[in-house]
Amino acid sequence: MTTSDSTRTSAADSARATGAAPPTTFVELQIEGMTCASCANRIERKLNKLDDVTAEVNYATEKARVRIPEGLQPQLLLDTVEQAGYHARLPKPRTRQPATGDAATGDASDTDSAAADAGRTVGSAHNQTDDAAGPDRVDDLRRRVLISAILSIPVIAMAMIPALQFTNWQWLSLTLAAPVVVWGAWPFHRAAAINLRHGAFTMDTLVSLGTSAALAWSLYALFFGHAGMPGMTHGFEFSLSPSDGAGDIYLEAAAGVTTFILLGRYFEARSKRSAGAALRSLLELGAKDVAVLRGGVETRIPVDALQVGEEFVVRPGEKIATDGEIVDGASAVDTSMVTGESVPAEVGPGDAVVGGTVNASGRLVVRATRVGADTQLAQMAQMVEDAQSGKAAAQRLADRISGVFVPVVLVLAVATHLYWLVTGGGASMAFTAAVAVLIIACPCALGLATPMALMVGTGRGAQLGILIKGPEVLESTRAVDTIVLDKTGTVTTGRHALVTTTVARGEDRAEVLRRAGAVEDASEHPIARAIAAGAREEVGALPAVEGFRNHEGLGVSGRVGGGAGVRRAVGADAVEGVDDDEVVVVGRPALLAERGMPLPQELEAAFTEAAQAGRTAVAAGWGGKARGVLVVADQIKDTSAEAIGRFREFGLTPVLLTGDNAAVAASVAAEVGIDPGPETVIAEVMPADKVEVVRRLQSEGRVVAMVGDGVNDAAALATADLGLAIGTGTDAAIEASDLTLVRGDLRSAADAIRLSRRTLGTIRGNLFWAFAYNVAALPLAAAGLLNPMIAGAAMAFSSVFVVANSLRLRRFRADV
């Protein structure tokens, strides 16, 4: 038993003795040194061998989420990962903000549990994402790719073009190729050595052995054979005949394979650099500082210093710093980024507000009820983290096949060597044939298969406004059968507009718009701005308003026009006279009724119809009479119905998901062509409910794609099998998604799925050719019939084929 084994507490021991499961907590580790999915599997197996430990290692995010019994020191986890040949580290701890009563005392147990809390707090998630897929590794790979390419190009050119083979050209090739195989391929050699110590073999093993063998045999041929003689050339001999290999060098194969595989690793590492950026976006969404009230004086402090129970001021246009309860003031709060609700919520004293939402109009004084990692925004960030960690890592096709391919090649190389020794071919012939097996099996075309198709496909996608984040995304597109669509900002514009105006019998529509629009133009409320903009668009310039008043939660009023007699009735503190023709009241019917202006039957019907359709209606009146009803709604995008029709053509079932009420959802679904019903139109859902809806669909056996644009969609986008973010939305949604649609046009989602499937098909074709080439060439190499020129030409042709096949993606056209 090691010293670390004694770190469990007596509580855990007694729980185990009584047969009860010990209390557990979560720790998240940052893993370094993984090169393929088999590395993640090996670390996961090692961690799961520990008592009462359950681990999930995600190769894509390079993180391990580990459930441990309370009292187990995380150092044991770090030691276990180190013993497996990799590196792990805990995120920098950042504990939850203390309540006011705890601020002075500072419970020491917080320090003791910091490592365990690190996996749960958003502060730690922030540090994790800052450190994940660090730039040093990406920069190192970029440097290795550039230098290796500069050195390899002349080596390959001299080997393939006889006109460039000047006297002693082979020694220049050695000078250029040796640094590539030794220094450039060092990541492969190191990974192969680590794998060998643990009895495992991956593609790194094959690359390391193949390139090292090619360099070693080239050195033998140059120094001990006749390949180093002045005047030596590579001729165009395509006949298959046994050779002792003493005059053959494989420097172009060794340098070329190293460069191509490094290129693939570089693109992979670069895509991983953005892993976890959704959490950074969520954290950056919140306010950075806050005007806290201390002793009746406003003091600006960092939001991290705000404590539970303190009161702070939020002015119009500012973000609410943290979750709290309104103490003073009334306003409309834009909550769409959290709830998905498109209509701003009217709030007043006693109402709860959520940190990160925006105060649209009045001044508010808020008492903090939750801070730090306890806020709803922070919990949403943790939801995204959990969703990303829980998503199964998409193991690349090449890794899956290489799990069998690599050991087979190694066994074949050894068998070839033994065969030629036993049959009297001689040591030189035996070694030549064995090296030929390793060289021909080196995945030159395989190294290009995925990155080349991905580069062309993603490049073409970028031209069309479609951003694909990695090859693992493509595998998700082929099996998708259900597409979940967020309403606000995705199917609709997310912006309110004046849609209808109904006037009472005998009233002039233009005059109703002119007066109502003028009064609403003096308000900061989003609904008011939509009415004012609609009125201005229809009737032109709006008149000035005097004596404007905001009636909290009910509406607004003001004098439109002029006249000294009227001013006596509508001073700043006066009450409007009901007989004043120029005092216009706009708002709820109750506000007009209080002033003796009940809605006539035709306006009452228009108001009821708007409410049933889930739209927002306000009434307008003056001179003792209700004159009209103005209806505002979130506008459906012109292209949404066409896009949903294309989804159906792909065999996808569209599902509308929204935080709005059922009436709004049903109205929008009917207009864009989504089937009505509880399974396809799901309304009044909070962010956590969106995640549960996606998981429920997945539990029914569906493969789910999710399209959204808001912070409230981020966790659902990460949970879905395929997440598509509208690029006009929030950074959190974009970073949590697998595909980003730069344009706000929903039709680009259909193009994204089609392009992804086309790119995946190209990758599969490339991989098939790469492996088919190896399968066909390996028997020839084992038979000693593959001379260097044939091997070089075959490898070059396979690479050219892969490049040409990938370039066909440049002809992809969008249907927009």
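As the structure is a prediction and not an experimental result, all values here were calculated from the model.

**A short note on the pairing of strand β3 (residues 63–69)**
The element β3 is extensively covered by neighbouring structure, given that six of its seven residues are classed as buried. Note that strand β1 (residues 24–32) and β3 share seven bridges and pair antiparallel. When the bridges of β3 are listed, Q30 appears paired with K63.

**Details of the UniProt feature "transmembrane region" (unreviewed entry) in the protein chain**
Taking the numbering used here, the UniProt-annotated feature "transmembrane region" (unreviewed entry) corresponds to residues 145–163, 169–186, 206–229, 249–267, 401–422, 428–450, 766–783 and 789–807. Taken end to end, residues 145–163 is 84% helix and 0% strand, and its two terminal C-alpha atoms sit 27 Å from one another. Across residues 766–783, the secondary structure splits into 94% helix and 0% strand, with the terminal C-alpha atoms separated by 26 Å.

**Topic: the environment of L206**
Considering the arrangement of structural elements, one finds L206 in helix α10 (residues 203–223). Judged by its relative accessible area of 0%, L206 is buried. With 201 residues separating them along the chain, L206 and P407 place their C-alpha atoms 8.8 Å apart.

**Description of the sheet that holds strand β8 (residues 323–328)**
Here six strands make up an open sheet; going across it, the order is β6-β5-β7-β13-β8-β11 and the pairing antiparallel. Looking at the sheet topology across the chains shown, the edges are occupied by β6 (297–302) and β11 (352–353).

**Here we look at helix α20 (residues 509–521)**
An ideal rise of 1.5 Å per residue puts 18 Å on 13 residues; α20 measures up with 18 Å between its terminal C-alpha atoms. Within α20, the full set of buried residues consists of V512, L513, R515, A516, G517, A518, V519 and E520.

**Considerations on the nonpolar core**
Among the nonpolar cores identified, the biggest contains 45 residues, and L485, F647 and L724 are the most heavily contacted of them. With eight residues, helix α30 (residues 747–782) is the largest single contributor of residues to this core. Ranked by size, the runner-up nonpolar core spans 38 residues in total, among them L176, A221, L438 and I440.

**Quick look at the sheet that holds strand β10 (residues 345–347)**
Spatially, three strands are ordered β10-β9-β12 in an open sheet, and the strand pairing comes out antiparallel. For this open sheet the edge positions go to β10 and β12 (358–359), each flanked by a neighbour on one side alone. Across three bridges, strand β9 (residues 331–334) lies against β10 in antiparallel orientation. Looking at β10, one finds that A332 is bridged to E346.

**Section: the packing of aromatic side chains**
On inspection of all chains with the given rule, the structure shows four aromatic pairs. Through successive ring pairs, a cluster of aromatic residues spans W217, Y220 and F224. Over the ring of F26 we find R65; its NZ or CZ atom is 4.1 Å from the centre of that ring. Just above the ring of W183 sits the side chain of R144; from NZ or CZ to the centre is 4.8 Å.

**Focus on the pattern of salt bridges**
Under the defined criterion, the tally for this structure stands at 31 salt bridges. The salt bridge partner of E311 is R367, with a shortest N-O separation of 3.4 Å. In this pair, E311 sits in strand β7 (residues 311–314) while R367 sits in strand β13 (residues 364–370), placing the two residues 56 residues apart along the sequence. Between R747 and E642 there is a salt bridge; the shortest N-O distance is 3.3 Å. With R747 in helix α30 and E642 in helix α25 (residues 640–649), this pair connects stretches of sequence that are 105 residues apart.

**Section: the side chain of E28**
For E28, the location among the structural elements is in strand β1. Relative accessible area serves as the criterion here: at 2%, E28 is assigned to the buried category. Polar contacts involving the side chain of E28 include one to the side chain of R65, which spans 3.1 Å.

**A closer look at the packing of α20 against helix α21 (residues 526–539)**
Here α20 crosses α21 at 140°, and the two axes come no closer than 8 Å. In terms of their interaxial angle, α20 and α21 are classed as oblique. Once α20 is placed against α21, the crossing between them reads as left-handed. For the pair formed by α20 and α21, the contact residues are R509, A510, L513, R514, G517, E520 and D521 on the first element and A528, I531, A532, A535, R536, E538 and V539 on the second. Residue composition of the contact of α20 with α21, grouped by class: seven nonpolar, one polar and six charged.

Here is what the cut-offs are and how they apply
- Residues numbered from 1 in each chain as written.
- Predicted model: local features only at pLDDT ≥ 70, side-chain atom pairs only at ≥ 80, totals over all residues.
- Heavy atoms only, no water.
- Buried < 20%, exposed > 50% of the residue type's maximum accessible area, 1.4 Å probe, protein only.
- Helix = DSSP H or I, 4+ residues; strand = E, 2+ residues; numbered from the N terminus.
- Pairing = 2+ DSSP bridges.
- UniProt positions renumbered as here; feature names shortened; annotations may be inferred.
- Expected span 1.5 Å × (residues − 1).
- Core = buried A, V, L, I, M, F, W, Y, C linked by side-chain atoms within 4.5 Å.
- Phe/Tyr/Trp six-rings, centres within 6.5 Å; stacked < 30°, edge-to-face > 60°.
- Lys NZ or Arg CZ within 6 Å of the ring centre and 35° of its normal.
- Salt bridge = Lys/Arg side-chain N within 4 Å of Asp/Glu carboxyl O.
- Polar contact = N/O pair within 3.5 Å; in protein donor to acceptor, adjacent residues only side chain to side chain.
- Axes fitted to C-alpha atoms, helices over the stretch in contact; angles between N-to-C directions.
- Parallel < 35°, antiparallel > 145°, perpendicular 65-115°, else oblique.
- Left-handed = near helix turned anticlockwise from the far one by under 90°.
- Contact = heavy atoms within 4.5 Å.
- Nonpolar A, V, L, I, M, F, W, Y, C, P; charged D, E, K, R; others polar.

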